[in-house]
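Summary of the model geometry
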Amino acid sequence: MGQVKSQFNEEELQDYEDLTYFTKKEILFAHKKFKALAPEKVGHNKNARLSMNKILQYPELRVNPFGDRICKVFSSSNNGEISFEDFLDMMSVFSDAAPKSVKAEHAFRIFDFDGDDMIGKNDLQQVIQRLTGYNNALNESDIDQLITNILEEADLDDDGALSFAEFEHIIDKSSDFTNSFRIRL
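1. Examining helix 2 (residues 24-37)
With 14 residues, helix 2 should cover 20 Å at 1.5 Å per step; its first-to-last C-alpha distance of 20 Å lies within 8% of that length. Of all the residues in helix 2, the buried ones are Ile27, Ala30, His31, Phe34 and Leu37. Down the axis, helix 2 shows its buried residues gathered within 110 degrees of arc, on one side only. Set apart from the buried face of helix 2 by more than 90 degrees, the exposed residues are Lys25, Lys32 and Ala36. Those residues of helix 2 that are buried are in contact with helix 1 (10-19), helix 3 (39-42), strand 1 (49-50), helix 4 (52-55), strand 2 (82-83) and helix 7 (84-93).

The following block contains the structure:
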């Protein structure tokens, strides 16, 4: 750790290392990135919570069409505000070291807009709109057809929605999921 004085003692760093997919060095680097988003607020307050607007200034989140959903899913206060521990959890899940199953669980929660533990037609419509842009070339019937195609392929029990098991089945077949579901520190 050299000459830099950490806001965390060795025990706290060890706990963070045990609870994430990061080394102590990476944890300190993550804190540096978190602090850079609002140095005046984080300063010497390791319990500071940053607004969603501040968190969305993080470069990879700023351009991510699901940035707000990511903040809401990882916010321990459930309002999009992020503490350092929330930020560390988020960055750990999006790290290369996180297992595919952990990434799949969080991706499911991000895409489950209504929070009913299923990805239904409305959730899929929002996913498609965010991925293609709200002013895209797809009209309503194109989107409906795309949703129908997704459900025909992935809805194994024909209930009109994707359960986590069905979603995870799709993820398992996707060779690029792990590479695309990441944010670099």
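2. A closer look at the nonpolar core
Membership of the largest hydrophobic core comes to 49 residues, with the highest contact counts inside it found for Ile55, Phe84, Phe87 and Met90. The dominant element in this core, judged by the number of residues it contributes, is helix 7, at six residues. Discounting residues that sit within four places of it in the chain, Phe87 has contacts with Ala30, Lys33, Phe34, Leu37, Tyr58 and Ile82.

3. Comments concerning helix 8 (residues 100-111)
When the terminal C-alpha atoms of helix 8 are compared, their 16 Å separation across 12 residues agrees well with the 16 Å that a helix rising 1.5 Å per residue should span. Inspection of helix 8 places Val102, Lys103, Ala104, His106, Ala107, Phe108 and Ile110 among the buried residues, and these make up the whole buried set.

4. Side note on the pattern of salt bridges
In this structure the tally under the stated criterion is eight salt bridges. Glu10 is the salt-bridge partner of Lys24, the closest N and O atoms lying 2.5 Å from each other. Placement of the pair is Lys24 in helix 2 and Glu10 in helix 1, with a sequence separation of 14 residues. Lys24 gets classed as partly exposed once you look at its relative accessible area, which sits at 21%. Judged by relative accessible area, which is 43%, Glu10 ranks as partly exposed.

5. Details of the packing of aromatic side chains
Summed over the entire model, instances satisfying the criterion amount to 13 aromatic pairs. Centre to centre, the rings of Tyr16 and Phe84 are 5.8 Å apart; their planes meet at 80 degrees, and the pair counts as edge-to-face. Separated by 68 residues along the polypeptide, Tyr16 in helix 1 and Phe84 in helix 7 bring together distant segments of the chain. Ring plane angle 20 degrees and centroid distance 5.2 Å describe the contact between Phe177 and Phe181, whose orientation is recorded as stacked. With respect to class, Phe177 is no different from Phe181; both count as buried. One aromatic cluster is present, formed by Phe8, Tyr16, Phe34, Tyr58, Phe84 and Phe87 through successive ring pairs. Over the ring of Phe113 we find Arg69, and its NZ or CZ is 4.9 Å from the ring centre.

6. So, the packing of helix 9 (residues 121-132) against helix 10 (residues 140-154)
Where helix 9 contacts helix 10, the two axes come as close as 10 Å, and the packing angle between them is 120 degrees. In this structure, helix 9 crosses over helix 10, and the sense of that crossing is right-handed. In this structure, helix 9 contributes Lys121, Leu124, Gln125, Ile128 and Gln129 to the contact, and helix 10 contributes Ile143, Leu146, Ile147, Ile150 and Leu151. Looking at the contact of helix 9 with helix 10, its residues break down into seven nonpolar, two polar and one charged.

7. Side note on the side chain of Thr20
Summarising the element assignment, Thr20 is placed in the loop between helix 1 and helix 2. Polar contacts involving the side chain of Thr20 include one to the main-chain carbonyl oxygen of Tyr16, which spans 2.8 Å. In terms of polar contacts, Thr20 uses its side chain to reach the backbone amide nitrogen of Phe22, at 3.1 Å. In contact with Thr20, other than residues within four places in its own chain, are Ile27, Leu88 and Ser92.

About the cut-offs
Residues numbered from 1 in each chain as written. Predicted model: local features only at pLDDT ≥ 70, side-chain atom pairs only at ≥ 80, totals over all residues. Heavy atoms only, no water. Helix = DSSP H or I, 4+ residues; strand = E, 2+ residues; numbered from the N terminus. Expected span 1.5 Å × (residues − 1). Buried < 20%, exposed > 50% of the residue type's maximum accessible area, 1.4 Å probe, protein only. Arc of directions from axis to C-beta. Contact = heavy atoms within 4.5 Å. Core = buried A, V, L, I, M, F, W, Y, C linked by side-chain atoms within 4.5 Å. Salt bridge = Lys/Arg side-chain N within 4 Å of Asp/Glu carboxyl O. Phe/Tyr/Trp six-rings, centres within 6.5 Å; stacked < 30°, edge-to-face > 60°. Lys NZ or Arg CZ within 6 Å of the ring centre and 35° of its normal. Axes fitted to C-alpha atoms, helices over the stretch in contact; angles between N-to-C directions. Left-handed = near helix turned anticlockwise from the far one by under 90°. Nonpolar A, V, L, I, M, F, W, Y, C, P; charged D, E, K, R; others polar. Polar contact = N/O pair within 3.5 Å; in protein donor to acceptor, adjacent residues only side chain to side chain.

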